[in-house]
Structure formats: C-alpha cells, structure tokens
Amino acid sequence: TQLLEQSPQFLSIQEGENLTVYCNSSSVFSSLQWYRQEPGEGPVLLVTVVTGGEVKKLKRLTFQFGDARKDSSLHITAAQTGDTGLYLCAGDSNYKLTFGKGTLLTVNP
Amino acid sequence: NAGVTQTPKFQVLKTGQSMTLQCAQDMNHNSMYWYRQDPGMGLRLIYYSASEGTTDKGEVPNGYNVSRLNKREFSLRLESAAPSQTSVYFCASSEGPSYEQYFGPGTRLTVT
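Calculation criteria
- Residues numbered from 1 in each chain as written.
- Chains lettered and ligands numbered in written order.
- Predicted model: local features only at pLDDT ≥ 70, side-chain atom pairs only at ≥ 80, totals over all residues.
- Heavy atoms only, no water.
- Helix = DSSP H or I, 4+ residues; strand = E, 2+ residues; numbered from the N terminus.
- Polar contact = N/O pair within 3.5 Å; in protein donor to acceptor, adjacent residues only side chain to side chain.
- Contact = heavy atoms within 4.5 Å.
- Buried < 20%, exposed > 50% of the residue type's maximum accessible area, 1.4 Å probe, protein only.
- Pairing = 2+ DSSP bridges.

1. Observations regarding the side chain of Q6 of chain B
All names here are of chain B.
- Mapped onto the elements of the fold, Q6 is located in strand β1 (residues 4-7).
- A polar side-chain atom of Q6 sits 3.0 Å from the main-chain carbonyl oxygen of Y89.
- At 3.1 Å, the side chain of Q6 forms a polar contact with the backbone nitrogen of C91.
- If sequence neighbours within four positions are ignored, Q6 has contacts with Q22, W34, Y89, F90, C91, G104, P105, G106 and T107.

This is the structure we're talking about:
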C-alpha cells in the first residue's frame with residue numbers, strides 16, 4: 001500500500017499570513033494531484049504535477065513536486081478566509097490514486 | 001452538465017437494514033469510484049470500476065457490494081448495515097484510472 005503523509009493535520013492562521021502544507025511518501029509517484037474540499041461538499045481538483053521539480057502556480061497558491069517525485073508542497077501566500085478547507089494530496093502509482101488524510105486549514109478573519 | 005450526482009443526501013438506518021446508494025455521471029467517464037470519509041481517516045477507497053463491465057475491491061470493501069449498471073451509473077449496496085459503516089460516502093468518476101477525479105456531493109449515512 002502506498003502511503004501519503006500530510007502535515008500538519010490541522011492549521012489555523014489569520015488572514016494575510018503565508019503557509020505551507022506538505023505531502024510526503026517513501027514511494028515514487030508518476031503524478032500527484034492536490035484537491036480542496038469545502039465543508040459539506042466533495043473534493044475539487046486544484047492542480048496536477050507530473051515532472052520532478054515542477055512548480056505550478058494558481059493565483060496565490062504555489063505547488064511543487066519534489067525532484068524524486070516522492071513529495072509535494074502547497075504554499076499559500078496572503079491567505080484569505082475563502083481558502084478555508086481540507087487540502088488533500090493524491091499520488092498516482094500503477095494507474096491507482098492514493099489519497100492522504102489531508103490538512104484542515106482554517107483562515108480566521 | 002450535472003457532473004456527478006448521488007442519492008440520497010442523508011440516510012439513517014438501523015443495524016441490519018440494507019440500502020443502495022446511487023451514483024450517476026454525465027461526463028462519459030470510463031472509471032467510477034466509491035469512497036468513504038471518516039474523521040482523521042481521509043478518503044478510503046471501497047470499490048472502483050476502471051471501465052464499464054469491471055469492478056474491483058479497494059482498501060475497505062468488506063460489508064459492501066457494487067454494481068456498474070452501465071457507463072453512467074455505479075451503485076453501492078450495504079446488505080446488512082453496521083454502526084461501523086456510519087460515514088460520509090463519496091462517488092467519483094474520471095476519464096481513466098490516473099486522471100482527475102470528479103466527486104459527487106456525498107451521502108451522509110448514520111447507522112444506529
């Protein structure tokens with residue numbers, strides 16, 4: 001079983017702060033997806049990273065895939081209350097996605 | 001496009017009762033999935049169907065059965081519900097096994 005460890009499990013910050021959440025594994029993934037899940041809804045894809053070392057930006061969100069394709073990070077600049085949610089990473093290996101347990105982010109006004 | 005739809009949204013069952021959760025997608029996706037989500041446990045795959053006509057067990061299949069009725073529909077059946085099956089159930093679909101997954105709104109199931 002491929003395991004994805006996400007840290008921190010919980011994060012509570014003030015609006016305007018920066019933050020980074022992590023997704024780590026001992027396994028190599030051919031790609032890695034990041035999802036955000038808002039309360040009462042299903043997860044929605046934010047980005048897919050495929051190449052080792054790849055960096056993708058989505059407005060204030062920056063995603064990085066590790067050189068060895070075993071880990072990834074999500075950095076949010078100047079967090080807003082609308083960023084509140086559960087952030088899930090999912091690694092693709094052998095045509096199967098494995099989800100991490102997520103980081104629950106709360107951005108306080 | 002409705003995307004992925006699930007019914008019902010909420011359900012309360014007594015131990016031993018049976019029920020079927022319905023899922024349909026209108027995106028012509030080949031692959032469909034059933035997950036359960038519990039606090040602190042993340043999303044755990046129950047069953048998946050890589051393509052129409054095939055189904056396979058995921059991480060936590062015990063106590064569940066599935067049917068890929070056609071390309072659009074994938075149902076999840078609990079034959080004899082147990083309190084341990086209290087959870088939020090999500091259906092998802094994708095073009096193929098490694099592609100982006102699109103999730104439904106979830107079914108909140110309570111077994112008493």
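2. Looking at the side chain of Q37 of chain A
- One can find Q37 of chain A in strand β4 (residues 31-37).
- Q37 of chain A sits in the buried class, given a relative accessible area of 7%.
- In this structure Q37 of chain A touches G42, P43, G85, L86 and L88 of chain A together with Q37 and F90 of chain B, once residues within four positions along its chain are discounted.

3. Observations regarding the pairing of strand β9 (residues 87-94) of chain B
All names here are of chain B.
- Counting buried positions along β9 yields eight of eight residues, so the element is predominantly enclosed.
- With burial as the criterion, each face of β9 is covered, one bearing S87, Y89, C91 and S93 and the other bearing V88, F90, A92 and S94.
- Of the strand pairs in this sheet, strand β4 (residues 31-38) and β9 are connected by seven bridges, and their pairing is antiparallel. Bridge assignment links Q37 to a residue of β9, and that residue is V88.
- The pairing of β9 with strand β11 (residues 107-111) spans three bridges and is classified as antiparallel. By the bridge assignment for β11, V88 is matched with R108.
- Note that β9 and strand β10 (residues 102-103) share two bridges and pair antiparallel. Bridge pairing links A92 to F103 in β10.

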